[in-house]
Structures are given as C-alpha cells and as structure tokens.
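Observations on the three-dimensional arrangement
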Amino acid sequence: MNSNIRRISIIVMLVLSLTLSSLVLASTGGWQQLTIYARSTVIHALAVSTNNSGAVINITITAIEPGSGYVYVAASPLPTAESGTFLSSSQIAALVATYLANQPFNKYNFTINVEPTTLEIGGPSASGYVTVAMWTLITNNTLNPGVVMTGMILPDGSIGPVGGLPSKIAAAAQEGYKVILIPYGQQIYQTSSGQIINLVNYGRSMGGLT
C-alpha cells in the first residue's frame, strides 16, 4: 500500500516537473509588454419603467484597446421584457460608432454598465446615446453635459423612434436639463391612449426645456 502511494507521488512529481519545465522553456523569450488603453464616460439616459414613469439613469461606458470587437453589458436588474433588443442594440451602437470614427470594429472592446435601479428598464431607447458616447471615447471627444437624448440606433446610423417621450421629457426637466434630443419626426407624439402632444411645447411648459 505504502509503495503504491510512493509510486503515485513520484509520478505526480514528475508530471509537475515536466509542466514547470515546459513553462520555463516557453517563457525564455522574455516578457511582452502590453499597453492597454481604457477610457470611460457616463451618460444620463432617459428611460421609462413598466408603469410608464420616466427616469434618468446613469450608464457608464468604457472603451478598451486592444480589443476583439466584444460588447459587455452589466445591469442590475438586467433589462426585462426587451432585454434581447437592449443587448443587440448595444452591439449595433459599437458597430456604428467605430464606422463613424473610421476605425476597425475589432480594435476595441466596450463595457456598458447600467447603474443599479429598481426600475424595470427595457428596450433600445438609450442606444443612440450609447453610440455617441462610444464615438467620443475612441475619438477623444467629450460629451456636452447639459444635453440628454433618447432614440434607437439603427444599423445605417440613423436614429429610430422610441416610446414614452412625454415621461422622459418630464424626468429630464425634473433633473434640471434644458436640452433633450429626440428622434426626428417625433415632435408630434401620439400616446397609447390616442392623445396628441406637441413635445416642443410640452417641454417649454416645463421651464424652457427644448
């Protein structure tokens, strides 16, 4: 019994020795220096919960170079009913941002970290803003902190329509914003109940929001 244990121990030691030898031989070429570029920005995205109340949520976006074209999304809780479109729109945002910056998509990785919130946020309505933020990161530009926006990024780089605009405008006004960008063509907005709202006039009624 003891001799068997000794033989097993010897075999294990031989395996470890061979592994270490392989590692040492593999590393004889020396260390390789790798410079990592990482830059972050925070956007204040407009969102609407499932009970149709508006909110301004913080989303931190980081560009990392070198990368492989991956987009990582972290949120607590994760976007619910439309989580699939949230994730896919984030990937489209990265594709459009790198294209507009005339840079290879696989040059970067991006992380998107949605600040923990009790709101059940879903859908791609922040993806236009995410695209702009990604573009600023990889072109060394800076976002205007006094402007917020909402809109869905489309593969051709245009901004598509989104819902809940009156609630989003109200939330932006409550946070003190004076300028909100909305998708082209949605100035005249029809609610789910059929009410027609001129969003420019609606914003102005809330203290000069435009």
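Before any of the text, the structure's been laid out above.
Residues numbered from 1 in each chain as written. Predicted model: local features only at pLDDT ≥ 70, side-chain atom pairs only at ≥ 80, totals over all residues. Heavy atoms only, no water.

If you trace the backbone, T41 turns up in strand 1 (residues 37-48). Classification of T41 by relative accessible area gives buried; the value is 17%. The residues touching T41, leaving out its near neighbours within four places in the chain, are I59, T60, I61, A133, L137 and L143. (Helix = DSSP H or I, 4+ residues; strand = E, 2+ residues; numbered from the N terminus. Buried < 20%, exposed > 50% of the residue type's maximum accessible area, 1.4 Å probe, protein only. Contact = heavy atoms within 4.5 Å.)

Here we come to the pattern of salt bridges. Scanning all chains against the criterion turns up 1 salt bridge. Between K107 and E65 there is a salt bridge whose closest N-O contact spans 3.8 Å. With K107 in the loop between helix 2 (83-100) and strand 4 (109-114) and E65 in strand 2 (residues 54-65), this residue pair connects regions lying 42 residues apart in the sequence. (Salt bridge = Lys/Arg side-chain N within 4 Å of Asp/Glu carboxyl O.)

Before going further, it helps to spend a moment on helix 4 (residues 165-174). By the criterion of burial, helix 4 is predominantly enclosed, with 7 of the 10 residues buried. Among the residues making up helix 4, those that are buried are L165, P166, S167, K168, I169, A171 and A172. The positive-phi residue at the C-terminal boundary of helix 4 is G176, with phi of around 95 degrees.

Strand order in this open sheet of 4 strands is 1-2-4-3, and the pairing throughout is mixed. The outermost strands of the open sheet, each flanked by one partner alone, are strand 1 and strand 3 (71-75). Strand after strand, the sheet turns through a mean of 20 degrees between neighbouring axes, direction not considered. Sheet strands in contact with helix 3 (residues 127-139) are strand 1, strand 2 and strand 4, and its direction is about 160 degrees off that of strand 1. (Pairing = 2+ DSSP bridges. Axes fitted to C-alpha atoms, helices over the stretch in contact; angles between N-to-C directions.)

Below, the discussion takes up helix 3. Its 13 residues place the ends of helix 3 18 Å apart at the C-alpha level, agreeing with the 18 Å of an ideal helix rising 1.5 Å per residue. Of all 13 residues making up helix 3, 10 are buried, and the element is well covered by its neighbours. N140 occupies a position one or two residues after helix 3 and carries a positive phi of about 60 degrees. (Expected span 1.5 Å × (residues − 1).)

Let us now look at the side chain of S167. Mapped onto the fold, S167 is located in helix 4. In this structure S167 touches V48, N52, S53 and G54, once residues within four positions along its chain are discounted.

Moving on, we get to a nonpolar patch on the surface. On the surface, Y99, L100 and W135 cluster together into a nonpolar patch covering about 370 Å² of accessible area. With respect to the helices, strands and loops of the structure, L100 is situated in helix 2. Exposure remark for L100: the relative accessible area of 53% places this residue in the exposed category. (Patch = residues over 30% accessible without salt bridge, like charges linked within 9 Å, V, L, I, M, F, W, Y side chains within 5 Å. Areas by Shrake-Rupley, 256 points an atom, 1.4 Å probe, with all protein chains shown as cover.)

Attention shifts here to the nonpolar core. Core analysis: the largest hydrophobic core is formed by 39 residues, its most contacted members being I43, I59, I61, F110 and M134. Going through the elements one at a time, strand 1, strand 2, helix 2, strand 4, helix 3, strand 5 (147-149) and helix 4 are the ones with two or more residues in this core. Per-element accounting of this core gives the leading share, 6 residues, to helix 3. Excluding its chain neighbours within four sequence positions, the residues that come into contact with F110 are T62, A63, Y70, V71, Y72, A94, T98, M134 and I138. (Core = buried A, V, L, I, M, F, W, Y, C linked by side-chain atoms within 4.5 Å.)

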